[in-house]
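# Structural description and commentary
Each chain, letter by letter, is given below.
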Amino acid sequence: IRQSMSKAGYPYDNAPMERYDNTLKTELIYLHYYHSDQELNASIDEFAYGWYNHARPHSYNGYKTPYEARYNL
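Residues numbered from 1 in each chain as written. Predicted model: local features only at pLDDT ≥ 70, side-chain atom pairs only at ≥ 80, totals over all residues. Heavy atoms only, no water.

## Quick look at the nonpolar core
This is how it is decided: Only buried Ala, Val, Leu, Ile, Met, Phe, Trp, Tyr and Cys residues count toward a nonpolar core, and they belong to the same one when joined by side-chain atoms within 4.5 Å. Exposed residues in this analysis have more than 50% of their type's maximum accessible area, buried residues have under 20%, and partly exposed residues fall in between, with area computed by a 1.4 Å probe over protein chains only. Counting from the N terminus, the helices are DSSP H or I runs at least four residues long and the strands are E runs at least two residues long. Any pair of residues with heavy atoms lying within 4.5 Å of one another is described as a contacting pair.
If you look at the biggest cluster of nonpolar residues, it comprises seven residues: Y20, L24, L28, Y34, F47, A48 and Y52. Here this core gets three residues from one element, more than from any other, and that element is helix α2 (residues 37-54). Apart from the residues within four sequence positions on either side, F47 is in contact with Y20, T23, L24, E27, L28 and Y52.

## Quick look at the confidence of the model for the protein chain
Any segment with low pLDDT has predicted coordinates that should not be analysed in fine detail. Basically, it comes down to this: pLDDT expresses, on a scale from 0 to 100, how confident the predictor is about each individual residue.
Per-residue confidence for the protein chain averages 85 on the pLDDT scale, and 85% of its residues sit at or above 70. The weakest mean pLDDT in the protein chain belongs to helix α1 (residues 15-27) at 87; the strongest belongs to α2 at 92.

Structure follows, in structure tokens:
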């Protein structure tokens, strides 16, 4: 892990991660109740590796999934 070194008032290097965190919370975390940490972790793994990267299109990628955009599918 490397600390962000952007100047104060210029948080642009964190924008993609902030956007992902917002999507994770809005589309998953706030919609469900989790009984254990294991249940939460399994749900996040499925969201990140299944839904977000392989099934959910992104306007930034020309409405391709991140996986399709990365491997030019």
